[in-house]
Amino acid sequence: MFKTIALIINILIIILEIFTLHKLKRKLDMLKFYTYLQNLLTLIVSIVLVIYLTLNLLSNTIIPEYVRGLRYIVTCGLVSTTFIFVVFLGAGKKLSITEDDFKKGLSPKLANVILHYICPLLSIISFIFFEKEILLNNGIWTLIVALPSCLYWMVYILLSVTKKWEEPYNFSTNKIIEILTYIIIPISFILFSFILWNIK
């Protein structure tokens with residue numbers, strides 16, 4: 001029963017992610033914006049999970065631990081995305097996403113609701129409540145979980161400091177606050193990953 005609900009939730013996540021990310025005019029923005037990147041990773045992992053859940057429900061195929069490990073990674077990433085969006089970007093008040101980013105049929109407001117609230121919430125609910133039957137015991141995942149986000153922010157800071165791109169996010173014009181932001185983000189990620197690991 002739980003796996004069936006997890007299947008339904010992840011199918012819904014896939015539909016929402018494809019609907020939103022498909023509407024992007026510039027597909028490379030998925031690698032530039034943390035929000036898009038985390039949601040793209042979530043889309044990929046949800047597809048993998050749906051395949052394994054379907055096989056499990058039809059033929060009792062064992063779902064490998066790495067599948068839930070990947071779900072742990074992307075769920076932590078989505079929680080972090082929501083945290084950054086709400087706390088540092090004022091829930092969209094400093095948003096650098098505009099109508100120019102999307103094809104007709106999707107407003108930035110709707111995209112933000114889907115990517116920053118609905119998909120993260122669905123991912124958390126599925127991971128915590130309906131994926132418990134899929135084993136996740138290897139502590140190595142508590143180290144692997146931060147790799148995608150760490151890699152993104154390292155590249156982000158490097159490209160921003162060297163002026164190789166126009167920063168996707170303008171956290172603050174005050175340099176001290178901006179530096180504190182770069183410190184708080186990884187600390188918050190560690191906290192979220194710790195909480196999710198312990199209630200999984």
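Above this text sits the structure in question.
The text that follows walks through the structure, step by step, so that each part is easy to find. (Residues numbered from 1 in each chain as written. Predicted model: local features only at pLDDT ≥ 70, side-chain atom pairs only at ≥ 80, totals over all residues. Heavy atoms only, no water.)

### A few points about the pattern of salt bridges
Side-chain pairs of opposite charge can arise whenever the charged atoms involved come near each other. Inspection of the entire model under this criterion finds two salt bridges. In this structure, the salt-bridge partner of Lys3 is Glu133, at a minimum N-O distance of 3.9 Å. Of this pair, Lys3 sits in helix H1 (residues 2–21) while Glu133 sits in the loop between helix H5 (108–130) and helix H6 (141–144); the two residues are 130 residues apart in sequence, bridging distant segments of the chain. You can call Lys3 buried: its relative accessible area is 15%. Among the salt bridges present, the one from Glu131 reaches Arg71, with a minimum N-O distance of 3.0 Å. (Salt bridge = Lys/Arg side-chain N within 4 Å of Asp/Glu carboxyl O. Helix = DSSP H or I, 4+ residues; strand = E, 2+ residues; numbered from the N terminus. Buried < 20%, exposed > 50% of the residue type's maximum accessible area, 1.4 Å probe, protein only.)

### Remarks on the side chain of Ser149
Secondary-structure assignment places Ser149 in helix H7 (residues 147–161). For Ser149, the side chain forms a polar contact with the side chain of Tyr34, separated by 2.6 Å. (Polar contact = N/O pair within 3.5 Å; in protein donor to acceptor, adjacent residues only side chain to side chain.)

### Brief notes about the packing of aromatic side chains
With the rule as written, the count across this model stands at twelve aromatic pairs. Judged by centre distance (5.3 Å) and plane angle (70°), the ring pair of Phe83 and Phe192 falls under edge-to-face. Placement of Phe83 in helix H4 (residues 65–88) and of Phe192 in helix H8 (residues 175–199) is noted, with a sequence separation of 109 residues between them. Note on Phe192: relative accessible area 16%, which makes it buried. Their ring planes at 90° and their centres at 4.9 Å tell us that Tyr152 and Trp153 sit as a pair that is edge-to-face. The pair formed by Tyr152 and Trp153 is uniform in burial state, with each residue classed as buried. An aromatic cluster is defined as three or more aromatic residues linked by ring pairs; in this entry it consists of Phe2, Phe129 and Phe130. (Phe/Tyr/Trp six-rings, centres within 6.5 Å; stacked < 30°, edge-to-face > 60°.)

### Section: the nonpolar core
Within the largest apolar cluster, 26 residues are counted, with the highest numbers of intra-cluster contacts made by Leu21, Leu24, Tyr36, Leu53 and Phe102. At the level of secondary structure, the elements contributing two or more residues to this core comprise H1, helix H3 (34–59) and H5. For this core, the leading source of residues is H1, giving seven residues. (Core = buried A, V, L, I, M, F, W, Y, C linked by side-chain atoms within 4.5 Å.)

### Here we look at the state of the cysteines
What the rule picks out here adds up to zero disulfides. Residue Cys76 stays outside any disulfide, its sulfur separated by 12 Å from that of Cys150, the closest cysteine. Cysteine Cys119 remains unbridged, with the sulfur of Cys76 as its closest cysteine sulfur at 16 Å. (Disulfide = S-S within 2.5 Å.)

### A word on a nonpolar patch on the surface
Together, Phe19, Val86, Val87, Leu110, Val113, Tyr117 and Ile118 give the surface a local cluster of nonpolar side chains, amounting to about 520 Å² of exposed area. Among the elements of the structure, H4 and H5 are those that each provide at least two residues to the nonpolar patch. Broken down by element, the residue count for the nonpolar patch peaks at four residues, all from H5. Along the chain, Val113 falls in helix H5. On the basis of relative accessibility, which here comes to 36%, the residue Val113 falls in the partly exposed class. (Patch = residues over 30% accessible without salt bridge, like charges linked within 9 Å, V, L, I, M, F, W, Y side chains within 5 Å. Areas by Shrake-Rupley, 256 points an atom, 1.4 Å probe, with all protein chains shown as cover.)

### Section: the packing of H4 against H5
Remark: H4 packs on H5, axes separated minimally by 9 Å, with the N-to-C direction vectors making an angle of 140°. Taken as axis vectors, H4 and H5 run oblique relative to one another. The chirality of how H4 crosses H5 is left-handed. Within the contact between the two elements, H4 uses Arg68, Arg71, Tyr72, Thr75, Leu78, Val79, Thr81, Thr82, Phe85 and Val86 and H5 uses Asn112, His116, Tyr117, Cys119, Pro120, Ser123, Ile124, Ser126 and Phe127. Classifying every residue of the contact of H4 with H5 gives ten nonpolar, seven polar and two charged. (Axes fitted to C-alpha atoms, helices over the stretch in contact; angles between N-to-C directions. Parallel < 35°, antiparallel > 145°, perpendicular 65-115°, else oblique. Left-handed = near helix turned anticlockwise from the far one by under 90°. Contact = heavy atoms within 4.5 Å. Nonpolar A, V, L, I, M, F, W, Y, C, P; charged D, E, K, R; others polar.)

### Points about H7
With 15 residues, H7 extends 21 Å from end C-alpha to end C-alpha; this agrees with the ideal 21 Å at 1.5 Å per step. Lys163 lies just past H7 and shows a positive phi near 60°. (Expected span 1.5 Å × (residues − 1).)

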